[in-house]
Amino acid sequence: MCAQPTPRPRERDGSSPLHRDASPARPPWRRPLALALAAAVALSALALLGPVAAVLVGTRTAAACLASIEAPRGPALPDCRPEIRWFALPSRLPWTYRAASALAEELGVRAAVADYTDAAVGRPDGAALAGATEAVVMAQATVAAGTGRVTFDELGPACGVPSLGREAARLGDRRTLLSQPDRWTDWHVRVHTLRAALTEGDLQRALAIAKGYAAMEPRDEDLRTTTGAILCLGASAEAKRGIELLTLTQDDRASRRYAGMARNWGEVRAVLVACAARVGVEPPPMPGAPEAGVADAVEVRLAQRARLAAARKDAAEATQRATRAIRDLLGTSAALDPEARGDLLAVVLAEDEALDAAEAAALARLDDDGDEPAAGEAGLDGAPARSGPRAPTGLPASSLRALAWLPERGLARPAIAGSLRARAAARAAELAAAPQLSPSQADALRAAAGALALRAARELALEGDAPRAVDALDRLGPLAPELAPEAARALARSSAWALVGERDRALDLVERVDLAAAPPALRAAVLLQRAELLASRGRRRDAARAAVLADEEAAAARVVDPAGEAMPSRAELAELDARSRWTRLSLALPPGDSPLRQGSPPAQLPADHAAAWPWVGFASLDAPWARDGQPALSRALATWSAARDAPPPARRALRYAALRRRGDAPPALVPYAALSAQLLGDGEGDPEVWLDAFLALDASRFSLRRYAFARAEAARWRGDEGSAAAWQRRYDALRAVASDPDRAEIARYLGI
């Protein structure tokens, strides 16, 4: 029997116990290859995603750096330009080129504008402001050569493409605007440039710039009319070019509508007629059949017509026609503004020699509804008769302060010289003595004489003639009910001297007057003027005490119900109250005096400084701030008090926040400017540069004379005699233009 053969396991089939647990052998090159592939994938991902991550990180760090500029910080401006390193490599790669390049461009733009703004707000300095302009120009060129965008919103709040002209106008940088006026292409920047020249009181410079703009054939109406009006202040050739520009605007407004809207052209017509009269030519005819705007400003043009008629060869006949037109308007129109009615009455009394006493009394006594009830008679409906004549041009006693006498902006009312008003007042007093008049008629003319004397004193003081202003008050002031209290007469005389710079004389009048018998509103007005004059003379402690007393009297005056006609209205009391509270806050410093009225909100700031400033709405006297029980004004005053006492880093952040909330300046412009300067401590910068920026937007709401006077007084309050003298020179130059009867309408139209 044969032995069975033993089967042998096949090698590497797994059945052999020697090879059952052994792994198959791998090629030696597979592991390195896998590692290499993994590294390649990782590097590729890093190469692709790394630049994207760098852009994200750079966006976050650059935005944080830019935000720190307006946050509480030290005097050194954070330099955010090094953050551009995050965008350097990504801007060279195709998949991140667009985003990185745009962010790098925006960072450069914002950094350049931040340098310029910091020189006006963070650490105000005129030299630094001038040195920062070139970076803004370069940033503008970079955008034009790069993305060409018009807005930037990736690294902070949305902002427009940089423009040196727009930035200079935004920050009130008059030196930059005037250094290269032909460079600006935006029409509104050109208007700001012309206004900057007028603010400087440099009429020749304004004329030179206007000539250049006129040669460019301005198409925008506001630029065209501003340019034409300024040219009308110049010599004959310049004025004739101004007539051409104004005629074009007049005819265009009378014939065209834009987007369904039309603009009236009565004020332009008044400037055009004044311009033609200055060079001795006939003005272009009025549009025959206007299809769009209308010839408004009727009162202004009628008063102008009478003034020009008096200078003609046929003066008597022309003046008679002009005054007859005014008398017709006064006798038929019941909708005239009381002040405009008083202005026209002054023209008739001064220029119409044929006006008899009865006719003058009828014009002086005209009611709003056109009726002229005799004294002691009842109305047709049985209503009681009027207790006394109504003075059409009177001023409330609380408005006799010098700062309240400063002119408003615009050509809304006729331009009447102080000498003509004084003649009208004297004529009214003379006619009041006519024997044929009834007692009520005589009383009406005497009241009109007193009211006209008040207006005459105001205009003469604004023209720089305080002696004649005081003479008008002394001769005819006793006829004005507003001047019945001795304190009111002293206040009016003080205002006349204050407006011509005789502050010691003005202060002596309000310091010596006895206020015991005066009503609260009048006491507040006198004390307020006393505080302002004391601050102007450097007597800060005495000024603070007077301001506190004035505020207390103003608070008492608002408690009294103004029911009688002789009492100030609620609107007048609200304005007096606001002025006294701003003055107290500006002048009263703890621990000696409390800057806030008792019962005011606590002076504290919110954690977010950007939301510190509440909006009050001072641009309108009918806004809620003027009503009883409204907290907006109190909150604003408390914020200002806390901001002034904050540490320097917080004050710097608050200045930036305030710059974004401009346009809410109260009627009390002098204490407001003085208080705004207190947001700068000693050594923190130039207050004048800061005020130029902070008030740049509000300045357009006030006449240039009011603005220059306020800046001069604010400088005196803080003891800066150099700045006060500079602003006083500007005020005097503007007053000389506005006081010229031949240029009165032109000056008012230009906001002088």
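Conventions adopted
Residues numbered from 1 in each chain as written. Predicted model: local features only at pLDDT ≥ 70, side-chain atom pairs only at ≥ 80, totals over all residues. Heavy atoms only, no water. Helix = DSSP H or I, 4+ residues; strand = E, 2+ residues; numbered from the N terminus. Buried < 20%, exposed > 50% of the residue type's maximum accessible area, 1.4 Å probe, protein only. Contact = heavy atoms within 4.5 Å. Areas by Shrake-Rupley, 256 points an atom, 1.4 Å probe, with all protein chains shown as cover. Polar contact = N/O pair within 3.5 Å; in protein donor to acceptor, adjacent residues only side chain to side chain. Phe/Tyr/Trp six-rings, centres within 6.5 Å; stacked < 30°, edge-to-face > 60°. Lys NZ or Arg CZ within 6 Å of the ring centre and 35° of its normal. Disulfide = S-S within 2.5 Å. Salt bridge = Lys/Arg side-chain N within 4 Å of Asp/Glu carboxyl O. Patch = residues over 30% accessible without salt bridge, like charges linked within 9 Å, V, L, I, M, F, W, Y side chains within 5 Å. Core = buried A, V, L, I, M, F, W, Y, C linked by side-chain atoms within 4.5 Å. pLDDT = per-residue confidence, 0-100. Expected span 1.5 Å × (residues − 1). Arc of directions from axis to C-beta.

**Here's the deal with the overall build of the chain**
Across its full length, the chain holds 32 helices and 2 strands. Relative to its 752 residues, the chain shows a buried fraction of 52%. Counting contacts in the chain only where the partners sit at least 6 residues apart, residues at least 24 apart contribute 69% of the total. Just so you have it, the chain exposes about 33,800 Å², and 55% of that area is on carbon and sulfur atoms.

**Structural notes on the side chain of E684**
Relative to the helices and strands, E684 resides in the loop between α28 (669-677) and α29 (687-694). A polar contact of 2.3 Å, which involves the side chain of E684, links it to the side chain of R651. Residues in contact with E684, not counting those within four places in the same chain, are G122, R123, P124, P648, R651, R655 and L679.

**What to know about the packing of aromatic side chains**
For the structure shown, the criterion picks out 10 aromatic pairs. With a centroid separation of 6.5 Å and 75° between ring planes, the pair formed by W582 and W640 is classed as edge-to-face. In this pair, W582 sits in helix α25 (residues 570-587) while W640 sits in helix α26 (residues 632-644), placing the two residues 58 residues apart along the sequence. Residue W582 is classed as buried on the basis of its relative accessible area, which comes to 1%. By relative accessible area, which is 5% here, W640 ends up buried. In this arrangement the basic side chain of R730 is found over the ring face of W727, its NZ or CZ atom lying 4.3 Å from the centre.

**Quick notes on the environment of Q140**
Looking at where Q140 falls in the secondary structure, it is placed in helix α5 (residues 133-145). A C-alpha to C-alpha distance of 9.6 Å links Q140 and A112, two positions 28 residues apart in sequence. Not counting residues within four places of it along the chain, the set of residues in contact with Q140 comprises P162, S163 and L164.

**What to know about the state of the cysteines**
What is meant by a disulfide is a covalent connection between two cysteines, made through their sulfur atoms. Within the structure shown, the criterion is met by 2 disulfides. Between C65 and C80 runs a disulfide, and the two sulfur atoms are separated by 2.0 Å. Taking the torsion about the S-S bond as the criterion, the C65 to C80 disulfide, at about -95°, is left-handed. Of this pair, C65 sits in helix α1 (residues 30-69) while C80 sits in the loop between α1 and α2 (85-88); the two residues are 15 residues apart in sequence, bridging distant segments of the chain. There is no split in this pair, since C65 and C80 are both buried. The disulfide partner of C232 is C275, and the S-S distance across this bridge is 2.1 Å.

**Some points on the pattern of salt bridges**
Counted by the stated rule, this structure contains 59 salt bridges. In this structure, E745 engages R307 in a salt bridge whose closest nitrogen and oxygen atoms are separated by 2.8 Å. With E745 in helix α32 (residues 744-749) and R307 in helix α13 (residues 298-309), this residue pair connects regions lying 438 residues apart in the sequence. R307 gets classed as partly exposed once you look at its relative accessible area, which sits at 21%. With a shortest N-O distance of 3.0 Å, D740 and R743 are connected by a salt bridge. Its relative accessible area of 14% is what places R743 among the buried residues.

**As for the side chain of S494**
Turning to its location among the elements, S494 is positioned in helix α21 (residues 486-499). For S494, a relative accessible area of 0% gives the class buried. One polar contact links S494 to Q529, side chain to side chain, over a distance of 2.9 Å. Look past the residues within four positions of S494 in its chain and what remains in contact with it is A506, L509, V510, Q529 and L533.

**So, a nonpolar patch on the surface**
Together, L48, L49, V52, L56 and W95 make up a nonpolar patch on the protein surface, roughly 510 Å² of accessible area in all. In this structure, L56 sits in helix α1.

**Looking at the environment of E105**
Mapping E105 onto the fold places it in helix α3 (residues 97-118). Taking C-alpha positions, E105 is 9.8 Å from F87, a pair spaced 18 residues apart along the chain. Those residues in contact with E105 that lie beyond four places of it in its chain are T142, V143, G146, T147, R149 and F152.

**Some remarks on the nonpolar core**
What tends to happen in soluble globular proteins is that the nonpolar side chains get buried as a cluster. Core analysis: the biggest nonpolar cluster contains 175 residues, and W582, W613, W640 and I752 have the highest contact counts within it. The residues touching I752, leaving out its near neighbours within four places in the chain, are L198, S703, L704, R705, L734, V737, A738 and A747. Ranked by size, the runner-up nonpolar core spans 39 residues in total, among them A306, A350, A364 and L476.

**Examining the confidence of the model for the chain**
Detailed reading of the predicted coordinates is not advisable wherever pLDDT is low. In the predicted model, the chain carries a mean pLDDT of 88, and 88% of its residues have values of at least 70. The least confident element of the chain, judged by mean pLDDT, is α1 at 80; the most confident is α29 at 98. For the stretch residues 367-393, pLDDT sits under 50, and the model shows 41 contacts to residues farther than four places along the chain or on other chains. Taken as a whole, residues 561-566 scores under 50 in pLDDT and shows 7 contacts with residues more than four places along the chain or in a different chain.

**Examining the environment of E486**
Tracing the chain through its elements places E486 in helix α21. Along the primary structure E486 and A517 are separated by 31 residues, whereas in three dimensions their C-alpha atoms are 9.0 Å apart. Not counting chain neighbours up to four residues away, the residues in contact with E486 comprise R493 and V513.

**A look at α5**
The periodicity of an α-helix, 3.6 residues per turn, causes residues three or four positions apart to be oriented the same way. Taking 1.5 Å of rise per residue, 13 residues should cover 18 Å, and α5 covers 19 Å from first to last C-alpha, within 8% of that figure. Those residues of α5 lying buried are T133, V136, V137, A139 and V143. For α5, the angular spread of the buried residues around the axis is 160°, confining them to a single face. The exposed set on the far side of α5, more than 90 degrees from its buried face, consists of M138 and A145.

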